[in-house]
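An overview of the molecular structure
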There are 2 protein chains.
Amino acid sequence: MTSKNSARGRPRGGSTDKRAAMLDGALTVFARDGYTRASIDTIAEAAGVSTRTIYNHFRGKAELFEAVIQASAARTAQRQIEVIDRHLRKVTDLAADLIEFGLEWASPNAGPSEHFALVRQINAEAAHIPEAAIEAWQENGPLRVRRELAGHLRRLSEQGLLRVTNTDRAAVHLLVLIGAWNPSYPGAEPSAEEITEMVTTGVHAFLHGYVP
Amino acid sequence: MTSKNSARGRPRGGSTDKRAAMLDGALTVFARDGYTRASIDTIAEAAGVSTRTIYNHFRGKAELFEAVIQASAARTAQRQIEVIDRHLRKVTDLAADLIEFGLEWASPNAGPSEHFALVRQINAEAAHIPEAAIEAWQENGPLRVRRELAGHLRRLSEQGLLRVTNTDRAAVHLLVLIGAWNPSYPGAEPSAEEITEMVTTGVHAFLHGYVP
DNA sequence: GGTGAAGTGCAATGAGCGTTGTATTTATTG
DNA sequence: CAATAAATACAACGCTCATTGCACTTCACC
């Protein structure tokens, strides 16, 4: 959401939601331009704050970047876990429920697409990010989500609906299958029909495989 | 150094393998540091040439980057297609052959790991690369490889060993399954045992799925 | 041996950017 | 209203880096 100060005026004075605005603006710029290309001036403008305020809240660009990573990962993981629980808590028709889950999972409104652009930046920049920050991000983000999904798969397996030995591996397989679409070029967003086709074929492959 | 004269247009004064050296060095630096962070001086040092020579061969940093992308994609696609054909031309035991294919596919000696680091850089930088360059890369690289794999899957389907309706989709599914491992953090290379487990479970999921 | 293109070393230019200091302005609080 | 903390505008420093020009060297080939 945009803060009370975003468009044209000059925000002044003491308010503490500046931090959220800075994290939001920095997410936008870091996701689009990457760490090195993103400039503090651009981030400050996107956040509606002055560059000096950024340095009053964070020790520097690197610390801001790590804060953005943690914040975006936590928020996205939260939303993704909600999607997982909503569709897999009570399963009546396994294939249908998995497809509905996949559709909401792959639809862009589930999580901000900026977050996934940021993930691409992290994957590219991983060698220049402190290992502790990477591990914290993995733990509070992808790994946490994956464990949640793995738990549901284990339960479904105990109910006899699935045959899973390695639940973590199965969770990874399901996630990559419902997210596997052929991009004409990176950055192109799939259409609604492409998402539907991707999810249905992915779920079908996850359930039955390709052997007759 | 070894002076190698090829039949291609030969320059008068110096040796022509300077260009290959520049592309190699630039690949190393671009893959590790990314486009923005990589400096021309670092690339020149890695290639064993002077910075001025780089500007005598390429109009600038951007053109060098695009040349590196095309060269690395073409070379890697060539090797990957060889791996595909070698293992899938004659299939005796489908599961065993797919596993052997996946093992060589996922082993780092198949293609230089620098190439995949470069791909991560491309995915992150895609918004700042001319669309024509992205499309050329896709066409001569990933899409070409994927079509080759899809052709084999179609043949196997016609032989009754597989049941594939959308061959391109199936190729994507196979590739993501044999490459789906849980990274503790990006950049960590999987061990030989982890690769084996990843490939075998991936092939098994591709063939049979997770439903009893 | 001479020639000319390719390669090299050096220096300089110019722009962009992270970061900091300082004086000023605003909003909150007692 | 006064005091205080937060936010801002402005300017400056220092550094990195892409790019270019120029003189010089090297090497293949006539």
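Residues numbered from 1 in each chain as written. Chains lettered and ligands numbered in written order. Predicted model: local features only at pLDDT ≥ 70, side-chain atom pairs only at ≥ 80, totals over all residues. Heavy atoms only, no water.

1. Topic: the overall build of chain A
For chain A, the helix and strand inventory stands at 10 helices and zero strands. Overall, chain A shows an N-to-C arrangement of helices and strands of α-α-α-α-α-α-α-α-α-α. Taken along the three principal axes of its C-alpha coordinates, chain A extends 65 × 35 × 30 Å. The long-range share in chain A, meaning contacts at least 24 apart out of those at least 6 apart in sequence, stands at 64%. Distance between charge centres in chain A, computed from 24 positive and 25 negative side chains, equals 7 Å. (Helix = DSSP H or I, 4+ residues; strand = E, 2+ residues; numbered from the N terminus. Contact = heavy atoms within 4.5 Å. Lys, Arg positive; Asp, Glu negative; His and termini not counted. Charge placed at Lys NZ, Arg CZ, Asp CG, Glu CD.)

2. Re the domain arrangement of chain A
All names here are of chain A. Splitting chain A by domain gives domain 1 (1-57) and domain 2 (66-208). The partner domain 2 presents 10 residues to the 12 residues of domain 1 that form the contact. In this assembly, domain 1 packs against domain 2 so that about 850 Å² is buried in total across both faces, 65% of it on carbon and sulfur atoms. It is Leu-23, Leu-27 and Ala-31 that lose the most area in domain 1 upon contact with domain 2, and together they represent 58% of the buried surface on that side. If you look at where domain 1 meets domain 2, you find zero salt bridges. (Domains from an automatic or database assignment. Buried area = accessible area lost by both parts, 1.4 Å probe. Salt bridge = Lys/Arg side-chain N within 4 Å of Asp/Glu carboxyl O.)

3. Comments concerning the confidence of the model for chain A
Averaged over every residue, the pLDDT of chain A is 91; residues scoring 70 or more account for 91%. With pLDDT under 50 throughout, residues 1-13 of chain A is counted as low confidence; its partners more than four residues away or in other chains account for seven contacts. (pLDDT = per-residue confidence, 0-100.)

4. Focus: the interface of chain B and chain A
Between chain B and chain A, the contact holds 50 residues from the first and 50 residues from the second. With both chains or domains summed, chain B and chain A bury close to 4600 Å², and 54% of this area falls on carbon and sulfur atoms. Taken together, the links from chain B to chain A amount to four salt bridges. A salt bridge links Arg-37 of chain A to Glu-125 of chain B; its shortest N-O distance comes to 2.1 Å.

5. Considerations on the relation of the copies chain B and chain A
Placing chain B over chain A gives an RMSD of 0.1 Å and needs a rotation angle of 180 degrees, together with 0.0 Å of translation along the axis. Taken together, the rotation and translation relating the two chain copies correspond to the operation of a two-fold axis. Closest to the rotation axis within chain B is the C-alpha of Gly-209 of chain B, separated from it by 2.1 Å. Take the interface residues of chain B: 100% of them recur as interface residues in chain A, which is what a same-surface contact looks like. (Least-squares fit on C-alpha atoms with pLDDT ≥ 70 in both.)

6. With respect to the environment of Thr-201 of chain B
Along the chain, the position of Thr-201 of chain B falls in helix H10 (residues 192-208). Distance in space between the C-alpha atoms of Thr-201 of chain B and Asp-168 of chain B is 21 Å, their sequence separation being 33 residues. Setting aside chain neighbours within four positions, we find Thr-201 of chain B in contact with Arg-169 and His-173 of chain A. Reaching out from Thr-201 of chain B, the side chain makes a polar contact with the backbone oxygen of Met-198 of chain B at a distance of 3.1 Å. (Polar contact = N/O pair within 3.5 Å; in protein donor to acceptor, adjacent residues only side chain to side chain.)

7. Digging into the pattern of salt bridges
In this structure the tally under the stated criterion is 12 salt bridges over all chains. Ionic pairing is found between Arg-147 of chain A and Glu-139 of chain A, a salt bridge with its closest N-O pair at 2.3 Å. What makes Glu-139 of chain A partly exposed here is its relative accessible area of 36%. Here Arg-86 of chain B makes a salt bridge to Glu-104 of chain B, at a shortest N to O gap of 2.5 Å. Residue Arg-86 of chain B is found in helix H4 (residues 61-88), and its partner Glu-104 of chain B is found in helix H5 (residues 94-106); the two are separated by 18 residues along the sequence. For Arg-86 of chain B, a relative accessible area of 48% puts it in the partly exposed group. (Buried < 20%, exposed > 50% of the residue type's maximum accessible area, 1.4 Å probe, protein only.)

8. As for the side chain of Gln-121 of chain A
Among the secondary structure elements, Gln-121 of chain A is positioned in helix H6 (residues 113-125). Beyond its immediate stretch of four places on either side in the chain, Gln-121 of chain A contacts Phe-30, Ala-31, Arg-32, Asp-33 and Gly-34 of chain A together with Ala-124 of chain B.

9. Here's the deal with the packing of aromatic side chains
Note on aromatic pairs: each is described by the distance of the centres and the angle between the planes. Residue and element names in this part refer to chain A. Inspection of every chain in the model, using the stated rule, returns 10 aromatic pairs over all chains. Between Phe-30 and Tyr-35 the ring centres are 5.9 Å apart and the planes differ by 15 degrees, which places this aromatic pair in the stacked class. According to the relative accessible area criterion, Phe-30 is buried, its value standing at 0%. Using a relative accessible area of 18% as the deciding quantity, one classes Tyr-35 as buried. One aromatic cluster is present, formed by Phe-30, Tyr-35 and Phe-65 through successive ring pairs. (Phe/Tyr/Trp six-rings, centres within 6.5 Å; stacked < 30°, edge-to-face > 60°.)

10. What about the environment of Val-164 of chain B?
If you trace the backbone, Val-164 of chain B turns up in the loop between helix H8 (142-158) and helix H9 (167-178). Along the primary structure Val-164 of chain B and Ala-150 of chain B are separated by 14 residues, whereas in three dimensions their C-alpha atoms are 9.8 Å apart. In this view, Val-164 of chain B contacts Tyr-210 of chain A together with Ser-157 and Ala-170 of chain B; residues no more than four positions away in its chain are not counted.

11. Here we look at the packing of H5 of chain B against H9 of chain B
Residues and elements named next belong to chain B. Running from N to C, H5 and H9 point in directions that differ by 65 degrees, and their axes come no closer than 10 Å. Viewed along their axes, H5 and H9 form a crossing whose handedness is right-handed. Counting all contacts with H5, which are made through Leu-98, Phe-101, Gly-102, Trp-105 and Ala-106, the residues of H9 involved are Leu-174, Leu-175 and Ile-178. For the contact of H5 with H9, the residue count by class is seven nonpolar, one polar and no charged. (Axes fitted to C-alpha atoms, helices over the stretch in contact; angles between N-to-C directions. Left-handed = near helix turned anticlockwise from the far one by under 90°. Nonpolar A, V, L, I, M, F, W, Y, C, P; charged D, E, K, R; others polar.)

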